Amino acid sequence: MRGITRAGLILVAILAAAAAGLAAWSPLPLAEWLRDPRAAFFYAEGWNPYPVRLLRPMPAPLSAMAQLGKKIFFDPGLSSSRRLSCASCHVPRDAYGPAGALPAMFGGQALTLQGVRAVPSLRYLERQPNFGIGPDNAEDETANRSTMPPRGAGAPRAGKTAQNSVNAAAGLVPQGGLFWDGRADTLQNQALIPLSSPFEMDGGSVAEIAARLARASYAPAFARLFGPSVFSDAQMAVAEAMFAVARYQIEDIDFHPYTSKFDFWLEGKARMSPAELRGFLVFNDPHKGNCAACHLDRPGADGLPPLFTDHQFEALGVPRNPALAVNRDPSYFDLGLCGPFRTDMKTMTQYCGFFATPSLRNVARRRTFFHNGIYNSLQQVLDFYDFRDTYPEKVYPDTRKMKPDMYNDLPQRYRSNVDKLDAPFTGTPSGQPPLAAQEVQDVIAFLGTLTDGYRPPGGT
Ligand code: HEC
Ligand code: HEC
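Treat the numbers as computed from the prediction; the structure is a model and nothing was measured.

Another aspect to go through is the overall build of the chain. Scanning the chain for helices and strands turns up 15 helices and six strands. Within the chain, the proportion of its 460 residues that are buried is 43%. For the chain, long-range pairs separated by at least 24 residues make up 69% of all intrachain contacts whose partners lie at least 6 apart in sequence.

The next point concerns the site of ligand 1. Close to ligand 1 lie 25 residues, the nearest being Cys86, Cys89, Phe179, Trp180 and Pro194. The set of elements that each furnish at least two residues to the shell around ligand 1 consists of helix H5 (86-89) and helix H8 (187-196). By residue number, the principal contributor to the shell around ligand 1 is H8, which donates five residues. Of the residues in the shell around ligand 1, the class split is 18 nonpolar, five polar and two charged.

Here the chain shows a mean pLDDT of 86. Residues at 70 or above account for 85%. Low pLDDT (under 50) marks residues 6-29, which in the prediction has 38 contacts with non-local residues, meaning those over four places away or in another chain. A low-confidence stretch, residues 138-158 (pLDDT under 50), is modelled with 34 contacts involving residues beyond four sequence positions or located in other chains.

It is worth spelling out the site of ligand 2 at this point. Around ligand 2 there are 25 residues in total, and Gly289, Cys291, Cys294, Phe370 and His371 lie nearest to it. Top element by residues in the shell around ligand 2 is helix H14 (residues 378-387). It accounts for three residues. Broken down by class, the residue content of the shell around ligand 2 amounts to 16 nonpolar, five polar and four charged.

Let us look at the packing of helix H9 (residues 206-215) against helix H11 (residues 234-251). Where H9 meets H11, the axes come as close as 8 Å, and the angle between the chain directions of the two elements is 65 degrees. The orientation of H9 with respect to H11, classified from their angle, is roughly perpendicular. In this structure, H9 meets H11 at a crossing whose hand is left-handed. Seen from H9, the contacting residues are Val206, Ala207, Ile209, Ala210 and Leu213; seen from H11, they are Ala234, Gln235, Ala237, Val238 and Ala241. Taken together, the residues of the contact of H9 with H11 break down into nine nonpolar, one polar and no charged.

Moving on to the environment of Leu450. In this fold, Leu450 is placed in the segment after helix H15 (437-447). On the basis of neighbour counts, which here come to 22 C-beta atoms within 10 Å, the residue Leu450 falls in the buried class. Once the C-alpha coordinates of Leu450 and Asp263 are considered, the two residues, 187 residues apart in sequence, prove to be 7.9 Å apart. Excluding anything up to four places from it in sequence, Leu450 contacts Ser260, Phe262, Phe308, Leu360, Arg361, Asn362, Val363 and Ala364.

The rules behind these values
Once a new chain begins, its residue numbering starts again from 1 and follows that chain's sequence as written. Here chains are named by letter from A upward and ligands by number from 1 upward, in the order in which they appear as written. Note on the predicted model: pLDDT of at least 70 is required for a residue's local features to be given, and 80 or more for side-chain atom pairs to be given and counted; whole-chain, interface and lining totals, by contrast, use all residues. A run of DSSP states H or I qualifies as a helix once it reaches four residues; a run of E qualifies as a strand once it reaches two. Both are numbered from the N-terminal end. Here a residue counts as buried when 20 or more other C-beta atoms fall within 10 Å of its C-beta, as exposed when 12 or fewer do, and as partly exposed in between; the C-beta atoms come from the backbone. Think of it this way: build a C-beta for each residue from its backbone, and any pair within 7 Å is a contact. Nearness rests on one distance test: the residue's C-beta atom, set from the backbone, must lie within 6 Å of the molecule or strand. Amino acids are sorted into nonpolar (Ala, Val, Leu, Ile, Met, Phe, Trp, Tyr, Cys and Pro), charged (Asp, Glu, Lys and Arg) and polar (every other residue, Gly among them). Predictor confidence is given residue by residue as pLDDT, running from a minimum of 0 to a maximum of 100. In this description, a line fitted to the C-alpha atoms serves as the axis of each element, helices being fitted only across the stretch in contact, and the angle between N-to-C directions of two axes falls anywhere from 0 to 180 degrees. Note that the term roughly parallel is reserved for angles under 35 degrees, roughly antiparallel for angles over 145, roughly perpendicular for angles of 65 to 115, and oblique for everything else. Left-handed describes a crossing whose near helix is turned anticlockwise from the far helix through less than a right angle; right-handed describes the clockwise counterpart.

Structure, rendered in structure tokens:
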């Protein structure tokens, strides 16, 4: 049985690698193991034949500033309900994502106001670049926040595949920033938004938030760090508090542990099961999942672990979620990059419907998926990728004309923004879905290797 599995895997791997041109994959040079039977054997046994050394952030004791930030992060006293802290929505044991399956959380004074978007995980934001519109896959030193949007207007649409970003390099793409629409650049600027948002912590005006800080049990530590007069300038006090929260998220190793089975596999310390390994190949195959085109899975040349996002934005056209209260208004649309929460790109209608590509690390721990929390399981997410173009009637509700209302969470005029260039979105109605049922199960198995807290058998 084991023999058959192994031979089958070698065959699957060779076919997939040949078809996919995975040959150029570095530092997992599959082309070399195709020539090298020893490496092929290791691979088929579930090991990474070319282990890399990952560069992880070093654990260090928290600075006084970060310790203060931690207290603020867990302080429900900063909310009008006195029941909501950052940690209520970004739950530490759930990779700082939501604990349950609700599409959005409830906030406000009586915790009765529903949010409008799914809560993202706060892990792995430490390498998030600032928002901008620039060349694909390139750090453009000359670009800055004010010159970039105009340059992006009318830019050609770039296609991308898991193996080839050459044609994409010509295009300018929106990338970076925090939130599903990239509207905040730094963790410091970001933190004030949920703190003051009426449907989240509802902390009130800057003056009110400063007053709450001055009443907190950690107020003396605050004054020790920033000087006794810190509370006399509300603006300053709140800015310093948000700086402290950002320091906490950057310094505490728990926000970026890189302890998934996949990380240890990259290092040659863990062995993937046949299903996980098959899923990994489908994830990378540009004619099947093509997932790695957007959810990047290669370590950097310098050993930086992969983040499973390219930090870019895409319109996938996920279905409208009737469970969100805002959606009871048929004229309400969450257009991501072009509104309603960010307003600087309103006129760049070619980006309406674009949302950030999230990291897939710890995604198997989530129970609510996509920006509007439309799905509750990875099976449903994979069905979306598999059937959106081949069997749209499985994904979108029927209209009275008995035709599925495709991309129904976007106004008609923006539906052409939806990505139809890249696999897995290249199928035709009633055509063959890009992934077979077994391949879907394999990809789900592979995604399970991205959960932190794995202990490799031989130690770390
Ligand atoms: C009521 C639930 C709730 C609370 C409380 C909350 N957040 Fe969030 N957080 C969200 C949601 C929802 C989003 C996504 C919003 C969007 O994209 O517009 C988010 C996004 C973020 C992001 C961006 C993540 C990313 O992937 O881009 C950060 C960072 C963040 N929150 C930190 C905090 C901090 C710090 C606090 C406390 C000061 C906090 N949050 C309190 C719900 C919450
Ligand atoms: C063209 C780029 C692209 C490709 C290819 C792609 N994704 Fe995504 N993925 C995204 C974007 C963008 C989102 C967020 C979309 C939204 O919320 O509207 C997303 C969201 C997800 C989510 C939900 C994560 C969360 O936290 O809610 C999962 C799971 C996921 N993708 C898995 C996959 C898998 C598996 C594949 C391959 C079958 C794949 N993706 C292919 C861009 C891509």
